[in-house]
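A look at the structure
This is what each chain is made of:
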Amino acid sequence: MIKTLRIAVVCGGISSEREVSLRSGKSIYEALLHKGYDNAVLYDLTRDNITGILDLHPDIVFLGLHGRGGEDGTIQGMLEWAGIPYTGPGVSASAVCMDKVLTKRVLQQVCLPTPEFITLKRHDYASTDDVATELKNRMALPMVLKSPCQGSSFGTNIVRHAEQLPAAIEDVFSYGDELLAEDFIDGMEITMPILGNDDLTPLPLIEITTEREFNDYTSKYTSGFHQHIIPACIDKSTEQEILDLGQRAYKVLGCSGLSRVDFIVDPFKGPMIIEVNTLPGMTDMSLFPDAARYMGMSYDDLVERILELGWEARRMFNTSTWKYTPTK
C-alpha cells in the first residue's frame, strides 16, 4: 500500500453502538500510524458533520462504524456517490446483513440453515398484550425476541416464561417497529471471522462463553464476563461444516473485505447461522482481532490487510467514470 495515502478513520456515528465504535476507531487509527500511514486522521462522525468527510478529501475511508448509519449501507452509498474507496462490504451486503430478517430470508432462499422465525409489526396490534398472545399462539417457549436492525445484542431478549414476554416486547419495540422472534437454540455459540474479496481467508473459529444468560452488550465489552476459546472445542466434522457454511453465506450475501458469521450449534440440527456482521468490532476485546492474533497476525497487520482489501475491492473508483482522483 502507498504509505502517503490520506486515510480517514471514521468512527462514532449515531447508533446505540457509538461508544464501541469510538474505541474501534481509536485502535484502528493508532495501528495505521504504527504501520507508517502518517496521513491518517481520526474522524468522529455525528449527525452534524457528515459532509466533513468529503472536505477531508480522503484517498480511502477506513470504516470503524457499527450499527445504523454506519453498517447499513447508508455511509457506503454516500462514499460511492463521491467516488471514495472504503473498507468493508458494499452497499447491498451492508444493508441486507444489518437487517436480521432480510439476512435470514436470503439464507433460507439458498437453503443455508438458520433458526425458524416469525416477524411482527407494532402497528398491527392494539397492545403489548396482543403481541404477547400472538407470540404464544405461534411460537413455543423458550424463544428469542430481537430488534432486527440493532447490533451488539441491543434489543435481544431470551424469553423462557410467558410472564417475561411484555417486558421483552417493549424492549424490542423501543428500538423500532418490527420484532423478530426466533426459536431458542440451547447450543454452543461459535463465530467465524473471514477476510477477503474473491479469495477468502477464514480465521480460526472462536467459541464464546459468558457469565451472563447470553453474550449481551455487557458480556461483550466488560472484562471477565466472557471468554473467547480459540480454537473452538468442536469436532473436525462440525468445524468443516461451519467453515463451508460461513464461506457460502459470505459469498451469497455479497460480503467483501471482512465480515463475521455467527453460529449456534444445535445439538440435533447442527450449526445454524444467527447473523452476519459486516463491520465487526475492532476493540482490544473484540473477536476478530483475537482470531487474527491466534493465527499469528498482529492487530496492526490485520488493520493494514483490511485497508488493502478495501482498496482492492473499489479500485474501479479510480477509473475515468469517477471524478475523484486519489493523491499520488
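Cut-off values and rules
- Residues numbered from 1 in each chain as written.
- Predicted model: local features only at pLDDT ≥ 70, side-chain atom pairs only at ≥ 80, totals over all residues.
- Heavy atoms only, no water.
- Phe/Tyr/Trp six-rings, centres within 6.5 Å; stacked < 30°, edge-to-face > 60°.
- Helix = DSSP H or I, 4+ residues; strand = E, 2+ residues; numbered from the N terminus.
- 1 Å grid on protein atoms, 1.4 Å probe; cavity = no way out; pocket = protein on both sides within 12 Å on 5 of 7 lines; lining within 4 Å.
- Points joined across faces, edges and corners; volume = space filled by probe spheres on them.
- Nonpolar A, V, L, I, M, F, W, Y, C, P; charged D, E, K, R; others polar.
- Pairing = 2+ DSSP bridges.
- Axes fitted to C-alpha atoms, helices over the stretch in contact; angles between N-to-C directions.
- Contact = heavy atoms within 4.5 Å.
- Disulfide = S-S within 2.5 Å.
- Buried < 20%, exposed > 50% of the residue type's maximum accessible area, 1.4 Å probe, protein only.
- Salt bridge = Lys/Arg side-chain N within 4 Å of Asp/Glu carboxyl O.

1. Comments concerning the packing of aromatic side chains
For the coordinates displayed, the defined rule picks out 1 aromatic pair. Ring centres of Phe154 and Tyr175 lie 6.3 Å apart, and the angle between their planes is 50°; this geometry places the pair in the tilted category. Here Phe154 is found in the loop between β5 (143–146) and β6 (156–159), whereas its partner Tyr175 is found in the loop between α7 (165–173) and β7 (178–183), with 21 residues between them in sequence.

2. Considering the layout of surface pockets
Roughly 160 Å³ of volume is contained in the second largest pocket. Lining the second largest pocket are 16 residues, with Ile14, Leu45, Ile50, Gly69 and Thr74 sitting closest to its centre. Among the residues forming the lining of the second largest pocket, the class breakdown is 5 nonpolar, 9 polar and 2 charged.

3. Digging into the sheet that holds strand β3 (residues 60–63)
Taken in spatial order, the 3 strands make up an open sheet running β2-β1-β3, and their pairing is parallel. Each edge of the open sheet is held by one strand with a lone partner, namely β2 (41–45) and β3. Direction aside, neighbouring strands of the sheet carry axes that sit 30° apart on average. Both strand β1 (residues 7–12) and β2 contribute to a ladder of 5 bridges, which runs parallel. If you follow Gly12 over to β2, its bridge partner there is Leu45. The strands touched by helix α11 (residues 299–313) within the sheet are β1 and β3, with β3 carrying the most contacts at an inclination of about 130°.

4. Overview of the state of the cysteines
For the coordinates displayed, the defined rule picks out 0 disulfides. Residue Cys97 stays outside any disulfide, its sulfur separated by 4.2 Å from that of Cys255, the closest cysteine. On the basis of relative accessibility, which here comes to 5%, the residue Cys97 falls in the buried class.

5. Details of the pattern of salt bridges
Enumeration over the complete set of coordinates arrives at 15 salt bridges. Where Lys26 meets Glu30, a salt bridge forms, and the shortest distance between an N and an O atom there is 2.6 Å. Of this pair, Lys26 and Glu30 both sit in helix α1 (residues 18–34), 4 residues apart, roughly one helical turn. With its nearest N and O atoms 2.6 Å apart, the salt bridge here joins Lys35 to Asp301. Of this pair, Lys35 sits in the loop between α1 and β2 while Asp301 is found in helix α11, placing the two residues 266 residues apart along the sequence.

6. Points about empty space enclosed by the protein
Within this structure, the stated rule accounts for 1 cavity of 30 Å³ or more. In this structure, the largest cavity spans a volume of roughly 80 Å³. Lining the largest cavity we find 13 residues, and of these Leu63, Leu258, Leu279, Pro280 and Met282 sit closest to its centre. Mapped by element, the contributors of at least two residues to the lining of the largest cavity are α1 and β3. Split by residue class, the lining of the largest cavity holds 9 nonpolar, 4 polar and no charged.

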